[in-house]
Amino acid sequence: MEMQGKRLLLAVGLALAVMLVWNMVFPPAKDETKKTAGSGSQVVATAPATAPVIVVTPEAPRGTEQKLVLEYPGKLIATFSSYGGALVSWQLDSKKYLKDDSTQKRGELLPARPGTGAFYVDFTSTENGVRKQPTMRFPSELDWVGTKVSETEVRYVLDTPVVHAEKIFTIVPDAYAVKMTVTIDVKVPANTLTQQSLAVSAFAYQDIKADMDGGQQIEARIWNSATFRGEEIFHTNWKDLAKAPRWEPDIIWAGYEHPYMLQAYSPRREGVEAVEKYSYAIGADGVMRTDIVFPAQKFEPGTTKIKEEVVAYLGPKSYKSLEAAEASAEFSPGFTATVDFGWFGVIGKPLLWLLLKFYAFVGNWGIAIMLLTFLVKAATMYWTTKSMRSMKAMAALAPQMKVLQEKYKEDRQRLQAETMALYKQHKVNPIAGCLPILMQMPIWIALYRMLSSAGELYQEPFISGWIDDLTTPDPFYILPIILLVTMFVQARMTPVTGDSRQQKFLQYGMPLMFGVMAFFFPSGLTLYIFTNTVLSALHSIWMNKYDKKSLAMVAQMKANAEAAAAAAAKPVGKGGAAGKSGASAKNGKPVAAKPVIDVDATAARDSGDADDDDVPEATAGGSSSSGPPRQRPRRKKRRR
Amino acid sequence: MTSIHRLLVAIVLSPVMFYRHVLSPMKRAPSCRYLPTCSEYAVDAVKQRGILVGIALACWRILRCHPFARGGYEPVPPSRRCTHRAEQH
């Protein structure tokens, strides 16, 4: 019973730890259907009202749609419409975005469809987060008059007896950014209007039939509605949004996110009251709508002027252009928050910077990844060489260790002291220590995160025809299979230090684990693991053949081991230990003294407490007699 | 140890267990300059000295386990109270 309880605890503990690490590597999807105050508010779309509503009516019957198209070759094509004076299409003009259906209608972040688009303005009325029927409306059928001011600027004007409105759009094509400034002069008597909030809306499409929960890939390639509120990005998919609209206060930006794309609208004004999001279906299309609702404004008698600014980023999640977009705005719209490097951004960002430099140099992301791996490997080469040497030495000492383990199997502390003495005698010691190894881990985790979330790699080929997109798994499974084979080979080359069970895991388990995972990893990541394995293997080969230091060391260890084995055959045993303490006089004292005083004092307590509390092996130790001798070495090698 | 305490200890030690069973085998070579190794030390420390002192001791030990440290045999230091009890046995 007792043992079972412990095992249960261990299982729970391990599960927690796995979750912890998993969350570090893959941060939670943040798929939260949190409904803040007033989320229950029903969306009053265009329902007729009982209150007097001033509808800004068109002067003349609706004219034909006038479109203004701005083209920036290699970057994007933006289309504005006189209907509503809005941005109705935004197409990324790059071959790579034309390949993927999930970005919808081939690279069109904003697909041109009647009645949808971005930067529509309207009035809304809210009270304590509950949306009310507005007393003034801007129907989207209104005809705005558009003029192309310059290559990057478009102006739309609406002039009616009730309002005079103006929208100025400024496009920063290199940053995939567009800024809209809207100015509205209200020319109505104050008593007809109370408090009104300006709302700027933006639409997005998501195929309803798409798999919203993931599927084979780590992240489903769908558009989710997203809101950035300063710390976290909150996501809701089309389905959940259709069930209940969301009302979110204090936003920095609101819009839509795809694993590698972003449509974000950020109001310049701080403390923008809320964003209202909802979705509905038009045929097979899921439409999502986001309204950025500015704080309510009291309309003074006479003319009231409203001026608001919204900056949008509509493009790939590549750090450089996100930063450029942030720089082009005169405030901080927080677009870069969309690139999530996880906990280790401090390391991830420089790594990405390096990767970009390599890419600028070679012009192929796959080769850039290989170069980056090479660099990281070279940077840690000094330590890996040293640790490989000490690994070899340990392997050579293994027979002596076995003797010690047999001798002190009942006394863990004594065994440890003796082991240390043995290491000292042969001048081997794990060279690095725990800290450098623990410090290295963030590098790998950061690299992993960076490779699996960088929009730069999206739809980028390594070798076209084979791997056309480094963010999807290898379509022919060639890389994972080669990886599996190289990992097997590499595992065989490393010196044997552990006991047989652990060795088996290293030789078969690890390559198999990684190999299988590689079938699902983005191929950019697999390419990195593969390069790393090949480099490690080459390093081992070089060490085995040419590293004089380790060759000499191993030869000497072997000779020592044989001598020791011969000595151990005669029952002198302790003499060896005494000799060791004598040899290293400085260190000899604590080594020799501690076991005598400390060990005996604590051993009783220890064997009763720490030892049998030591979870998995303890069970075996109790029941079978062959357990203890094996359990000790295993433990020793595993816990570092 | 009460069962709640056991659970707390298991939770506190779960990262160590994960490290030992999953991460440590990946690096293929023993890396600790001390004996008991840092992870053994952490387990012993938490069990012998309680959760708070144990964590502090374990962190301090990991920080000391670097290439410029001498390393060597260094078990968890017994607290005064504990030593006392042990001597009575």
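For every chain, the first residue of its written sequence is number 1, and the numbers climb from 1 along that sequence. The lettering of chains begins at A and the numbering of ligands begins at 1, in the order of writing. A pLDDT threshold of at least 70 governs which residues receive local features in this predicted model, and a stricter bar of 80 or more applies before side-chain atom pairs are shown or counted, although totals over entire chains, interfaces and linings include all residues. Values reported for side chains reflect all heavy atoms of the structure, with hydrogen atoms and water molecules removed beforehand.

### Remarks on unusual backbone geometry
Residues and elements named next belong to chain A.
Here comes step 1: Even without being a glycine, Phe 119 presents a positive backbone phi close to 70 degrees.
Here comes step 2: In this description a helix means any DSSP run of H or I spanning at least four residues, a strand means any run of E spanning at least two, and both kinds are numbered starting from the N terminus. Tracing the chain through its elements places Phe 119 in strand E6 (residues 118-127).
Here comes step 3: Unusually for a residue other than glycine, Tyr 477 sits at a positive phi of about 55 degrees.
Here comes step 4: Summarising the element assignment, Tyr 477 is placed in the loop between helix H8 (434-453) and helix H9 (478-493).

### Description of the environment of Ile 478 of chain A
Here comes step 1: Locating Ile 478 of chain A in the fold gives a position in helix H9.
Here comes step 2: Ile 478 of chain A gets classed as partly exposed once you look at its relative accessible area, which sits at 35%. Partly exposed describes any residue whose relative accessible area lies between the buried limit of under 20% and the exposed limit of over 50%, with all areas from a 1.4 Å probe on protein chains only and scaled to the type maximum.

### Points about the confidence of the model for chain A
Residues and elements named next belong to chain A.
Here comes step 1: Of all residues in chain A, 65% have pLDDT values of 70 or greater, and the mean over the chain is 71.
Here comes step 2: When pLDDT is averaged over each element of chain A, strand E11 (residues 163-172) comes out on top at 92 and helix H16 (residues 627-638) at the bottom at 34.
Here comes step 3: One number per residue, pLDDT, summarises how confident the predictor is, and it ranges from 0 to 100. Whether two residues touch is decided by their heavy atoms; if any such pair falls within 4.5 Å, the residues are in contact. Under a pLDDT of 50 for its full length, residues 214-218 has, in the predicted model, 11 contacts with residues more than four places off or in other chains.
Here comes step 4: Long-range and interchain partners of residues 572-640, a stretch whose pLDDT sits below 50, account for 118 contacts in this model, where long-range means more than four residues apart.

### Re the pattern of salt bridges
All names here are of chain A.
Here comes step 1: For salt bridges, the criterion is a side-chain nitrogen of Lys or Arg within 4 Å of an Asp or Glu carboxyl oxygen. By the definition in use, this model includes 10 salt bridges over all chains.
Here comes step 2: Among the salt bridges present, the one from Glu 257 reaches Lys 317, with a minimum N-O distance of 3.2 Å. Here Glu 257, found in strand E17 (residues 253-258), pairs with Lys 317, found in the loop between strand E22 (304-316) and helix H3 (319-328); they are 60 residues apart in sequence, far enough to count as distant.
Here comes step 3: What makes Glu 257 buried here is its relative accessible area of 5%.
Here comes step 4: For the salt bridge of Glu 308 with Arg 269, the shortest nitrogen-to-oxygen distance reads 2.5 Å. Within this pair, whereas Glu 308 is found in strand E22, its partner Arg 269 is found in the loop between strand E18 (261-267) and strand E19 (274-282), the two being separated by 39 residues in sequence.
Here comes step 5: What emerges from the salt-bridge pattern is a single network uniting Arg 268, Glu 309 and Glu 330.

### Let's talk about the packing of aromatic side chains
Residue and element names in this part refer to chain A.
Here comes step 1: Pairing of aromatic rings covers Phe, Tyr and the six-membered ring of Trp, with a centre-to-centre limit of 6.5 Å; geometry is then stacked below 30 degrees between planes, edge-to-face above 60, and tilted otherwise. In total, this model carries 12 aromatic pairs over all chains according to the counting rule given.
Here comes step 2: Aromatic pair Phe 119 and Phe 169: ring centres 5.5 Å apart, planes at 70 degrees, arrangement edge-to-face. With Phe 119 in strand E6 and Phe 169 in strand E11, this pair connects stretches of sequence that are 50 residues apart.
Here comes step 3: Centre to centre, the rings of Phe 462 and Trp 466 are 6.1 Å apart; their planes meet at 50 degrees, and the pair counts as tilted. The same class applies to Phe 462 as to Trp 466, namely buried.
Here comes step 4: Through a chain of ring-to-ring contacts, the aromatic side chains of Phe 80, Phe 119, Tyr 156, Phe 169 and Tyr 265 assemble into a single cluster.

### Quick word on the nonpolar core
Here comes step 1: Buried residues of nine kinds, namely Ala, Val, Leu, Ile, Met, Phe, Trp, Tyr and Cys, make up a nonpolar core once their side-chain atoms join them within 4.5 Å. The biggest cluster of nonpolar side chains holds 105 residues, and the ones touching the most others in it are Phe 80, Trp 90, Phe 119, Ile 184 and Tyr 265 of chain A.
Here comes step 2: These domain boundaries are the output of an automatic or database domain assignment. When residues of this core are sorted by domain, at least three fall in each of domain 1 (2-22 + 347-546) and domain 2 (55-339) of chain A.
Here comes step 3: Look past the residues within four positions of Phe 80 of chain A in its chain and what remains in contact with it is Gln 66, Lys 67, Leu 68, Leu 70, Ala 86, Leu 87, Val 88, Val 154, Tyr 156, Phe 169 and Ile 171 of chain A.
Here comes step 4: Met 394, Leu 397 and Met 401 of chain A together with Tyr 73 of chain B belong to the second-largest nonpolar core, a separate cluster that totals 12 residues.

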